Amino acid sequence: MTYVSNDPSYWPYISANFFINYWIVAAGIVVAYDWVLTLGQEIELIWRQRWSLMTVLYLIIRYIGIPYSVVNILLTMPSVSLTDAVSILQPSHCHLINTLICRGE
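Definitions and cut-offs
- Residues numbered from 1 in each chain as written.
- Predicted model: local features only at pLDDT ≥ 70, side-chain atom pairs only at ≥ 80, totals over all residues.
- Heavy atoms only, no water.
- Phe/Tyr/Trp six-rings, centres within 6.5 Å; stacked < 30°, edge-to-face > 60°.
- Helix = DSSP H or I, 4+ residues; strand = E, 2+ residues; numbered from the N terminus.
- Buried < 20%, exposed > 50% of the residue type's maximum accessible area, 1.4 Å probe, protein only.
- Axes fitted to C-alpha atoms, helices over the stretch in contact; angles between N-to-C directions.
- Parallel < 35°, antiparallel > 145°, perpendicular 65-115°, else oblique.
- Left-handed = near helix turned anticlockwise from the far one by under 90°.
- Contact = heavy atoms within 4.5 Å.
- Nonpolar A, V, L, I, M, F, W, Y, C, P; charged D, E, K, R; others polar.
- Patch = residues over 30% accessible without salt bridge, like charges linked within 9 Å, V, L, I, M, F, W, Y side chains within 5 Å.
- Areas by Shrake-Rupley, 256 points an atom, 1.4 Å probe, with all protein chains shown as cover.
- Salt bridge = Lys/Arg side-chain N within 4 Å of Asp/Glu carboxyl O.
- pLDDT = per-residue confidence, 0-100.

Novice: I tried to follow the packing of aromatic side chains on my own but got confused; where do I start?
Specialist: Where two aromatic rings form a pair, the distance of their centres and the angle of their planes describe that pair. For the structure shown, the criterion picks out three aromatic pairs. The interplanar angle of 25 degrees and the centroid separation of 6.4 Å between the aromatic rings of Phe18 and Tyr22 together place this pair among those described as stacked. Residue Phe18 and its partner Tyr22 are located together in helix H1 (residues 11–47), separated by four residues, close to a single helical turn. Given a relative accessible area of 48%, Phe18 falls into the partly exposed group.

Novice: It is not clear to me how the packing of H1 against helix H2 (residues 53–63) should be interpreted in this structure. Could you clarify?
Specialist: How two helices pack is summed up by the angle between their axes together with the distance between the axes. Viewed as axis vectors pointing N to C, H1 and H2 meet at an angle of 165 degrees, and their least axial separation amounts to 12 Å. When the axes of H1 and H2 are compared, the pair comes out roughly antiparallel. In the packing of H1 onto H2, the handedness of the crossing is left-handed. Taken together, the residues of H2 that come into contact with H1 (itself represented by Asp34, Trp35, Thr38, Glu42, Ile46 and Trp47) are Thr55, Tyr58, Leu59, Arg62 and Tyr63. In terms of residue class, the contact of H1 with H2 is built from six nonpolar, two polar and three charged.

Novice: What am I meant to see in the side chain of Thr55 here?
Specialist: Following the sequence through the fold, Thr55 ends up in helix H2. Judged by its relative accessible area of 8%, Thr55 falls in the buried class. What Thr55 contacts, discounting residues up to four positions off in sequence, is Ile46 and Arg50.

Novice: Just checking my understanding: could you explain a nonpolar patch on the surface for this structure?
Specialist: On the surface, a cluster of nonpolar side chains totalling about 1,000 Å² of accessible area is made up of Ile43, Trp47, Trp51, Leu53, Met54, Val56, Leu57, Ile60, Ile61 and Ile64. Elements represented by at least two residues in the nonpolar patch include exactly H1 and H2. It is H2 that provides the largest number of residues to the nonpolar patch, a total of six residues. On the secondary structure map, Ile43 appears in helix H1. On the basis of relative accessible area, Ile43 is assigned to the partly exposed category, the value being 33%.

Novice: Would you take a moment to explain the confidence of the model for the protein for this structure?
Specialist: The predicted coordinates of low-pLDDT regions are not to be read in fine detail. Scored by pLDDT, the protein comes out at a mean of 75, with 69% of its residues at no less than 70. Within the model, pLDDT remains below 50 along residues 92–105, and this stretch shows 43 contacts once partners closer than five positions in the same chain are excluded.

Structure (structure tokens):
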């Protein structure tokens, strides 16, 4: 049998966690939307021009966030142990609550 704590004292933290997650998703959508809108200009003004130090620096600054975000998501993603022992889900650095899951016999 699985036991998940439903203590009302955790509800404000859970609500705050949902609120933060919604803002993270919204920010990601805004960044993707901006990238799609400016891709045509970037191809014309950056990719088709002669490469210089400024071009390389622009591309590094523009695209370094993608691998950083992927690595950050993979490192902070909670995982659930498949054993019968007690597992503590480790949330990302910005989440406010640890969820305790206890599997009984």
